[in-house]
Amino acid sequence: LTPDDLELIAAYNRTATENRFPGVSIGDLLQQVTDAVPDRIAMVYQPANNAPEITMTFRELNERSLQIAYYLRETLKLNEGSIVVLSITRRADLY
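Residues numbered from 1 in each chain as written. Predicted model: local features only at pLDDT ≥ 70, side-chain atom pairs only at ≥ 80, totals over all residues. Heavy atoms only, no water.

(A) Looking closely at the overall build of the chain. Of regular secondary structure, the chain possesses three helices and two strands. In terms of overall size, the chain is more extended than a compact globule, its C-alpha atoms giving a radius of gyration of 18 Å where 95 residues would be expected to give roughly 12 Å. In terms of overall dimensions, the chain has a C-alpha envelope of 50 × 40 × 30 Å along the principal axes. Counting only residues that meet the buried cut, the chain has 11% of its 95 residues in that class. Summarising the internal contacts of the chain: among those between residues at least 6 apart in sequence, 36% fall at separations of at least 24. (Helix = DSSP H or I, 4+ residues; strand = E, 2+ residues; numbered from the N terminus. Rg over C-alpha atoms; globule rule 2.2 N^0.38 Å. Buried < 20%, exposed > 50% of the residue type's maximum accessible area, 1.4 Å probe, protein only. Contact = heavy atoms within 4.5 Å.)

(B) Local environment of helix H3 (residues 58-74). Spanning 17 residues, H3 covers 24 Å between terminal C-alpha atoms, matching the ideal 24 Å at 1.5 Å per step. Here H3 has its buried residues at Phe 58, Asn 62 and Leu 72. Angular distribution of buried residues about the axis of H3 spans 80 degrees; they occupy a single face of the element. (Expected span 1.5 Å × (residues − 1). Arc of directions from axis to C-beta.)

(C) The arrangement of the pattern of salt bridges in detail. One pass over the full model with this rule turns up two salt bridges. With a closest N to O distance of 3.0 Å, Arg 14 and Glu 7 form a salt bridge. The closest approach of N and O atoms between Asp 39 and Arg 59, which form a salt bridge, is 2.7 Å. With Asp 39 in the loop between helix H2 (26-36) and strand S1 (41-45) and Arg 59 in helix H3, the pair connects residues that are 20 residues apart, well separated along the chain. Arg 59 sits in the partly exposed class, given a relative accessible area of 37%. (Salt bridge = Lys/Arg side-chain N within 4 Å of Asp/Glu carboxyl O.)

(D) Structural view of a nonpolar patch on the surface. Where nonpolar side chains cluster on the molecular surface, the patch consists of Leu 1, Leu 6 and Ile 9 and spans about 330 Å² of accessible area. Summarising the element assignment, Leu 6 is placed in helix H1 (residues 3-12). What makes Leu 6 partly exposed here is its relative accessible area of 47%. (Patch = residues over 30% accessible without salt bridge, like charges linked within 9 Å, V, L, I, M, F, W, Y side chains within 5 Å. Areas by Shrake-Rupley, 256 points an atom, 1.4 Å probe, with all protein chains shown as cover.)

(E) Spotlight on the environment of Ile 68. Considering the arrangement of structural elements, one finds Ile 68 in helix H3. A sequence separation of 16 residues divides Ile 68 from Val 84, and the C-alpha atoms of the two residues are 11 Å apart.

(F) Up close: the packing of H2 against H3. Two elements in contact, H2 and H3, have axes separated by 9 Å at closest approach and are oriented at 145 degrees. Here H2 and H3 pass one another in a crossing that is left-handed. Between H2 and H3, the contacting residues are Leu 30, Gln 31, Val 33 and Thr 34 on the first element and Phe 58, Arg 59, Leu 61, Asn 62 and Ser 65 on the second. Along the lines of polarity and charge, the residues of the contact of H2 with H3 split into four nonpolar, four polar and one charged. (Axes fitted to C-alpha atoms, helices over the stretch in contact; angles between N-to-C directions. Left-handed = near helix turned anticlockwise from the far one by under 90°. Nonpolar A, V, L, I, M, F, W, Y, C, P; charged D, E, K, R; others polar.)

And the structure:
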């Protein structure tokens, strides 16, 4: 790779941003929003092939995230502070 290629890759990977909520996990933030506006739309997904769009409320999104957390804790025996890397296809369902 040329130096220009390496700089382009480095620039592409500079994604760090300031944490506006230090000390608060994404799960805690999601729970706070869910408590405040549980039936508000959290996500809109437009599948390929012109299928109808799929929406998910904060309540539904939170329920699904709690299912994943439960699986990680109970099945994989991970605990708070464990680092988990997820690689998932971009789609509405998390199953």
